[in-house]
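# Observations on chain architecture
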Amino acid sequence: MAAGQNKGYGSDVNIASTKIICLSFAVLAGISGVLLVSQERPAEAAGEMNCGCHPNKADKSFTHKPVKDGECSSCHKPSDQKHPKVKKGAFLLTDNGKVGLCNECHERKDIKKYVHGPVASGDCLDCHDVHQSDNKFQLKASGVALCYMCHDKTKLGRKFPHPPITEGKCLDCHDPHQSDNKYILKAEGSALCIMCHNKSMFSGKSIHGPVSTGECSACHVTHGTQYPHLLKHSFPEDFYTSFSKAQFDLCFKCHSASLADDQRTGAATNFRNGMFNLHFLHVNKADKGRSCKVCHDPHASSQPKLISSKVSGFGRWRIPIRYTKNDVGGTCVVGCHKPKSYNRIDPVVNP
Ligand code: HEC
Ligand code: HEC
Ligand code: HEC
Ligand code: HEC
Ligand code: HEC
Ligand code: HEC
Ligand code: HEC
Ligand code: HEC
Ligand code: HEC
């Protein structure tokens, strides 16, 4: 039978008659105590409820519906061999026991753009027991143990893993069979992330370039990395640090380090008073240089230029910051301090 051609559930097998023959056989066996193995009968006789010989195929918590219903013959068709004299080969599968068999009753699981390896090769039974199992969906293992039957756990181990990975919730993000998204993901780009993370974190008056285009993966690796917060490259954990370009590698992958490196500049940054680079002033210190996140939110902000509405770095207090920007500079009011301004054209004295 061609894959995908649905013949319908149990349609062309005569379930009722095999049922009667087999049941009466079992009853007979019960009364007379005759060993079934010594009997010779046509293979057709065996169709129902293991016929007293086979280990019960329907005694575990999760049993495949047609098995539970005793419809063995919807998958096993008798050959002309005598059973049980002939054991191997007396029953043939109505299909090769691979995906074709499943497709007789189920919607196809291998037709989307990205298909999981074992599904693509038709090996449904790598993960499912066709008769029964102690796990839901007759799975061969439960939860993440199923995935680790084939995937190397150590490969997914990260110094700072994403909590849903540690909790083994692979299927919160991946479909086990197929998807139209790469890596058989349940959603694409930032849509995947906002299934769990609050969308409001990523909206505001200013939105960071890669965030607005949904490229969370420009900065984060979803399974985790050797850096905190699933970051792709190095970025300081603390608010104050001894400045080095390498520490801010994450930002300097896209922005030129000269924005914090050149003490005097007419172009490297707009955060300058005349030629004096205020990024340099705040960030570039051997002792207690500020991290970018003291002023900038890496995602989005209600103020221009990703300036956070609260400054971090003063212990648990987050002091409100009000930032206004104009064509030639800007002004910051931090907490109850005096406003501080900068002007690129006409430098402010003691900014
Ligand atoms: C949905 C299809 C399907 C149904 C229904 C089904 N089987 Fe099977 N059965 C299979 C497949 C496929 C295999 C081969 C399993 C494998 O290769 O792992 C198999 C293998 C077997 C085997 C040999 C291996 C083993 O697991 O012991 C026996 C015996 C068997 N089935 C008995 C039964 C009986 C009895 C019933 C009814 C209670 C039944 N089957 C119902 C698909 C089915
Ligand atoms: C003869 C028809 C038939 C065949 C062949 C068949 N199934 Fe099923 N399967 C069913 C029916 C009926 C259900 C119950 C559907 C429901 O409850 O919605 C079911 C349910 C399932 C379930 C879900 C169990 C659950 O707990 O919800 C899985 C998994 C499954 N089948 C896997 C397979 C695999 C793998 C194959 C091929 C080896 C296969 N089936 C072949 C009829 C079949
Ligand atoms: C890599 C392991 C794996 C393989 C291979 C696999 N499945 Fe599944 N399947 C699962 C898991 C896990 C679930 C449970 C999904 C969930 O929890 O939502 C499932 C659920 C199902 C279900 C019930 C829910 C549904 O999506 O309809 C059916 C039916 C099913 N599989 C059929 C198949 C068929 C048919 C094949 C082969 C084409 C197959 N599976 C191959 C892992 C697998
Ligand atoms: C029976 C073995 C088997 C099991 C069980 C299994 N996988 Fe896979 N998986 C594979 C194979 C084979 C590939 C393809 C590998 C390749 O192309 O390098 C694959 C690839 C993948 C991919 C990458 C797909 C892509 O498009 O690159 C993801 C994601 C994945 N598996 C997730 C899972 C999850 C989640 C589970 C548990 C629900 C799981 N796998 C269980 C065998 C398995
Ligand atoms: C929070 C969502 C999420 C969870 C949970 C998740 N993944 Fe992934 N996974 C992804 C994304 C996104 C990718 C695409 C590659 C990337 O961004 O690193 C991926 C890629 C993969 C790949 C293919 C690439 C590779 O790294 O080999 C495999 C295999 C995989 N995941 C397996 C798993 C397994 C197994 C689990 C459970 C332990 C799991 N994933 C949990 C989101 C997730
Ligand atoms: C299935 C739910 C789920 C999905 C989907 C998800 N996350 Fe998470 N993520 C969590 C949970 C739970 C935490 C831990 C609690 C928290 O920090 O909110 C977390 C934490 C994080 C953290 C902070 C880690 C730390 O150590 O500070 C980052 C960064 C993160 N997620 C990024 C992402 C990105 C990027 C995506 C999309 C590719 C994503 N998440 C998708 C559930 C999810
Ligand atoms: C330009 C780089 C960058 C991009 C793009 C980015 N992030 Fe982040 N993200 C960071 C940095 C840096 C941190 C750590 C901030 C800190 O140390 O407090 C972070 C922290 C997080 C956290 C945990 C901290 C928190 O505030 O709860 C989550 C969750 C998160 N990001 C999700 C996302 C999602 C979802 C996207 C895509 C919509 C995304 N990020 C895009 C740089 C980025
Ligand atoms: C993947 C590339 C990428 C990374 C990594 C990156 N940025 Fe950006 N950033 C951009 C793009 C694109 C823009 C928009 C540029 C433009 O509009 O000219 C931008 C703009 C900005 C702006 C100006 C926002 C505005 O509203 O004009 C600030 C501030 C900023 N980034 C800070 C950071 C910080 C801090 C880091 C490190 C945590 C960082 N960026 C990492 C790509 C990146
Ligand atoms: C003391 C607060 C403060 C700190 C710390 C800070 N910035 Fe800024 N940054 C600003 C202000 C204010 C602007 C807006 C300048 C303007 O447009 O007038 C700005 C602008 C930017 C821009 C836009 C382009 C430019 O230079 O004008 C980028 C990119 C940027 N910052 C990156 C960073 C990075 C990367 C770090 C950490 C290495 C950092 N900032 C640390 C306050 C800060």
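A few points on the structure. (Residues numbered from 1 in each chain as written. Chains lettered and ligands numbered in written order. Predicted model: local features only at pLDDT ≥ 70, side-chain atom pairs only at ≥ 80, totals over all residues. Heavy atoms only, no water.)

This paragraph deals with the coordination of the iron atom of ligand 3. Donor atoms from the polypeptide that bind the iron atom of ligand 3 are H128 (NE2) and H177 (NE2), placed at 2.0 Å. Each of the 6 donor atoms around the iron atom of ligand 3 contributes to a set of angles spanning 88 to 179°, which defines the coordination as octahedral. Of this pair, H128 sits in the loop between α4 (117-120) and β7 (132-133) while H177 is found in the loop between α8 (170-173) and β9 (178-179), placing the two residues 49 residues apart along the sequence. (Donors = N, O, S within 2.8 Å, 3.2 Å for Na, K, Ca; no water. Tetrahedral: all angles 85-135°; square planar, octahedral: opposite > 155°, others 65-115°. Helix = DSSP H or I, 4+ residues; strand = E, 2+ residues; numbered from the N terminus.)

Under the criterion given, the structure shown has 5 salt bridges. Here D110 makes a salt bridge to R108, at a shortest N to O gap of 3.0 Å. Of the residues examined, R108 reaches a relative accessible area of 28% and is grouped as partly exposed. (Salt bridge = Lys/Arg side-chain N within 4 Å of Asp/Glu carboxyl O. Buried < 20%, exposed > 50% of the residue type's maximum accessible area, 1.4 Å probe, protein only.)

This part covers the coordination of the iron atom of ligand 4. All of the protein donors around the iron atom of ligand 4 are H116 (NE2) and H151 (NE2); their distances to the metal are 2.0 Å. Geometry at the iron atom of ligand 4 is octahedral, judged from the 6 donor atoms that bind it and their angles of 86 to 180° at the metal. In this pair, H116 sits in the loop between β6 (114-115) and α4 while H151 sits in the loop between α5 (144-148) and α6 (153-156), placing the two residues 35 residues apart along the sequence. Judged by relative accessible area, which is 44%, H151 ranks as partly exposed.

Moving on: the site of ligand 7. Taken together, 19 residues form the shell around ligand 7, and within it C216, C219, H220, K293 and H299 come nearest. In the environment of ligand 7, an oxygen atom lies 2.8 Å from a nitrogen or oxygen atom belonging to the side chain of K293. Between ligand 7 and H299 there is a distance of 2.8 Å, counted from a nitrogen atom to a side-chain nitrogen or oxygen. Sorting the residues of the shell around ligand 7 by element identifies α9 (189-193) and α10 (209-212) as the ones contributing at least two each. (Near = heavy atom within 4 Å. Polar contact = N/O pair within 3.5 Å; in protein donor to acceptor, adjacent residues only side chain to side chain.)

Our next topic: the site of ligand 5. Close contacts around ligand 5 come from 17 residues, with C170, C173, H174, Y183 and H223 the closest. The side chain of H174 places a nitrogen or oxygen atom 2.8 Å from a nitrogen atom of ligand 5. Contributing elements (two or more residues each) for the shell around ligand 5: α5, α7 (163-166) and α8. The class makeup of the residues in the shell around ligand 5 is 11 nonpolar, 5 polar and 1 charged. (Nonpolar A, V, L, I, M, F, W, Y, C, P; charged D, E, K, R; others polar.)

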